[in-house]
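# Coordinates in review
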Amino acid sequence: MKRHSTPLLLVWCLYPLSVLLLHFSLGERWRAAEGSLFFRTQAIGFEQEGRFQKAAQYYKSGEEAALADDLLLRARMNIDEARVFILQGEAFEGVERMEQLLATHPGKSLPRTLRAEANATCALGLYYAAYALRLDNNEPDLWQQEAAEARAIFLRLHEQARRSNLPEEAALYGRNLEAAIRLQRGKLAEIAVNPPPPASLAARDRSVFHKKMQRLERRGS
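Let us look at the structure shown here. Small disclaimer: the values here were computed from a predicted structure and weren't measured.

## Notes on the pattern of salt bridges
Tallied over the full model, the rule gives 17 salt bridges. Two residues, Arg206 and Glu90, come together in a salt bridge whose shortest N-O distance is 3.0 Å. You can see Arg206 sitting in the loop between α10 (198-205) and α11 (208-220) and its partner Glu90 sitting in the loop between α4 (71-87) and α5 (91-104), a full 116 residues away along the chain. Given the relative accessible area of 17%, Glu90 is considered buried. Taken together, the shared-partner salt bridges in this structure form one network comprising Arg40, Glu47, Arg76, Asp80, Arg83 and Glu117.

And the structure:
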């Protein structure tokens, strides 16, 4: 009887310790993630309503609610923040956030889906910036670099999705690639046939050329 009862007794003695470990490790991580995702749910609603500034605030709160070592969740929030920055006209702010994220997580430290989305968000910001710069001044030297960078990123993502047999992603990146090519190669009159993207108009209204000059200065320093 004693031989059978001893292991069971050890389990019950260890149970309170396991609860404490769960509370201060996985439990803490779960609670932090739950709080972070609550902010993200609210932010998505604001983003869908077009309330980008409010959405950015909630995405930021979601990032801050995640534990410092929960790198994947914080990266998720960082991508969301960058996207709404781009949508409200801060194209280069969003681009630089994604460049920093990708530089901080080299190789395979980010899952493929997050890495692809970070690159796509970066390309999207460059595309809107190029569009806004072209609306502001059609001189190729002022917008061709951003258009070419966006095109190169979308091409790479399109090819990667095709190699990975992901047809929906490949189609999405293919459409974005075509838009970048039209922006880069088309005449201004041809591009002006359709209304400009709201994010590009917002970027133009927020002095996109001045912000490009600031970006070039930072890169040169």
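Next, the rest of the story.
## Regarding empty space enclosed by the protein
Tallied over the entire structure, the rule returns one cavity of 30 Å³ or more. Put simply, the largest cavity is a space of about 30 Å³. Lining the largest cavity, in full, are Leu126, Gln145, Glu146, Glu149, Arg215, Leu216 and Arg219. Going through the elements one at a time, α7 (140-163) and α11 are the ones with two or more residues in the lining of the largest cavity.

## Observations concerning the packing of aromatic side chains
With the rule as written, the count across this model stands at five aromatic pairs. Ring geometry for Phe38 and Phe39: centres 6.0 Å apart, planes at 65 degrees, overall edge-to-face. Residue Phe39 is classed as partly exposed on the basis of its relative accessible area, which comes to 27%. On the basis of an interplanar angle of 55 degrees and a centroid distance of 5.1 Å, the ring pair of Phe46 and Tyr58 is categorised as tilted. Of this pair, Phe46 sits in helix α2 (residues 26-48) while Tyr58 sits in helix α3 (residues 52-65), and the two are 12 residues apart along the sequence. A relative accessible area of 13% places Phe46 in the buried class. Of the aromatic side chains, those joined through ring pairs into one cluster are Phe38, Phe39, Phe46 and Tyr58.

The rules we used
- Residues numbered from 1 in each chain as written.
- Predicted model: local features only at pLDDT ≥ 70, side-chain atom pairs only at ≥ 80, totals over all residues.
- Heavy atoms only, no water.
- Salt bridge = Lys/Arg side-chain N within 4 Å of Asp/Glu carboxyl O.
- Helix = DSSP H or I, 4+ residues; strand = E, 2+ residues; numbered from the N terminus.
- Buried < 20%, exposed > 50% of the residue type's maximum accessible area, 1.4 Å probe, protein only.
- 1 Å grid on protein atoms, 1.4 Å probe; cavity = no way out; pocket = protein on both sides within 12 Å on 5 of 7 lines; lining within 4 Å.
- Points joined across faces, edges and corners; volume = space filled by probe spheres on them.
- Phe/Tyr/Trp six-rings, centres within 6.5 Å; stacked < 30°, edge-to-face > 60°.

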